[in-house]
Amino acid sequence: QQLSSCIDKVKPMSEKHLSSQFDTDLTTISTKVLQMGGLVEAQIARAMRALANFDTAMCDQVLAVEQEINALEIEIDGDCNNIIARRQPTARDLRLVMAISKTITNLERAGDEAEKIAKRTKHIMEDAAAHTINYAEVKLSGEMAITLLRQALDAFARLDTVAAARIVKDDKAIDEEFRAFVRKLITY
């Protein structure tokens, strides 16, 4: 549902190109980015639920979908390269294609982090003493990350630079929250 609402928000390019196929290519790639983002968002949420509930089956689901995320990154990267080679975009369009290229790399990394959470959860389940650790702070950080990812995808869909700048600021707060938790965990 959330993915559908984001895809519906993808702005049509305000400046029409001579080739309507170019506009179609940009819209198609943007839609794929939002699809990938939706998968990553679901992966992080699933990994956090797996950790909270020590759910092996959910861990396995996270690990299985990681391959799909990796394949989407490769596909979208190829699409970006084709647009650059065939359409020779200039200025605004080239910046959009380059932003998409960087975005998919970061989405793939976020998917890798979800995979790491799933793998670590499986290890934690093998260690009986690990069940005594309070995961509430990890849960809070995960929820904050999911919220920011959702906001970032929405800002991308609307090409909203003001919202994107606000998200960068909020991301720094999550980083600090996570560092504080890691320090506490190491002390524990």
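Everything below is about the structure shown above.
So, a few notes on the structure that sits alongside this text. Bear in mind that the values here come from a model prediction, so they are computed numbers and not experimental data.

Cut-offs and rules
Residues numbered from 1 in each chain as written. Predicted model: local features only at pLDDT ≥ 70, side-chain atom pairs only at ≥ 80, totals over all residues. Heavy atoms only, no water. Axes fitted to C-alpha atoms, helices over the stretch in contact; angles between N-to-C directions. Helix = DSSP H or I, 4+ residues; strand = E, 2+ residues; numbered from the N terminus. Parallel < 35°, antiparallel > 145°, perpendicular 65-115°, else oblique. Contact = heavy atoms within 4.5 Å. Buried < 20%, exposed > 50% of the residue type's maximum accessible area, 1.4 Å probe, protein only. Salt bridge = Lys/Arg side-chain N within 4 Å of Asp/Glu carboxyl O. Core = buried A, V, L, I, M, F, W, Y, C linked by side-chain atoms within 4.5 Å.

## What about the packing of helix 2 (residues 20–53) against helix 5 (residues 136–158)?
Working step 1: Close contact between helix 2 and helix 5 brings their axes to 10 Å; oriented N to C, the two are set at 170°. Compared by their axis directions, helix 2 and helix 5 come out roughly antiparallel. The residues of helix 5 that touch helix 2, namely those facing Ser30, Val33, Leu34, Gly37, Gly38, Val40, Glu41, Ile44, Ala45, Met48 and Leu51, are Val138, Lys139, Gly142, Ile146, Leu149, Arg150, Leu153, Phe156 and Ala157.

## Concerning the environment of Ile104
Working step 1: When you line up the elements, Ile104 lands in helix 4 (residues 91–126).
Working step 2: On the accessibility criterion, Ile104 (1% relative accessible area) is buried.
Working step 3: If near-sequence neighbours (up to four positions away) are discounted, Ile104 is found in contact with Val33, Met36, Glu73, Ile76 and Asp77.

## Here's the deal with the pattern of salt bridges
Note on pairing: side chains with opposite charge can pair once their charged atoms come close.
Working step 1: Across all of its chains, the model carries twelve salt bridges by this definition.
Working step 2: Among the salt bridges present, the one from Lys32 reaches Asp79, with a minimum N-O distance of 2.6 Å. Of this pair, Lys32 sits in helix 2 while Asp79 sits in helix 3 (residues 56–87), and the two are 47 residues apart along the sequence.
Working step 3: Of the charged contacts, one joins Glu113 and Lys116 as a salt bridge, the two residues approaching to 3.1 Å between their closest N and O atoms. Here the residue Glu113 and the residue Lys116 both occupy positions in helix 4, the gap between them amounting to three residues, near one helical turn.
Working step 4: Glu113 gets classed as partly exposed once you look at its relative accessible area, which sits at 41%.
Working step 5: Overall, Lys116 belongs to the partly exposed group, its relative accessible area being 41%.
Working step 6: One network of salt bridges, with partners in common, ties together Asp25, Arg86 and Arg87.

## So, the nonpolar core
Working step 1: Core analysis: the biggest nonpolar cluster contains 39 residues, and Ile29, Val33, Met36, Ile44, Ile76 and Ile100 have the highest contact counts within it.
Working step 2: Within the residue set of this core, elements represented by two or more residues are helix 2, helix 3, helix 4 and helix 5.
Working step 3: Ignoring any residue separated from it by four or fewer positions in sequence, one finds Ile100 in contact with Ile29, Ser30, Val33, Ile76, Cys80 and Phe156.

## Considering the environment of Ala57
Working step 1: Its location among the elements puts Ala57 in helix 3.
Working step 2: Judged by relative accessible area, which is 47%, Ala57 ranks as partly exposed.
Working step 3: Spatially, the C-alpha atom of Ala57 lies 10.0 Å from that of Ala118, the residues being 61 residues apart in sequence.

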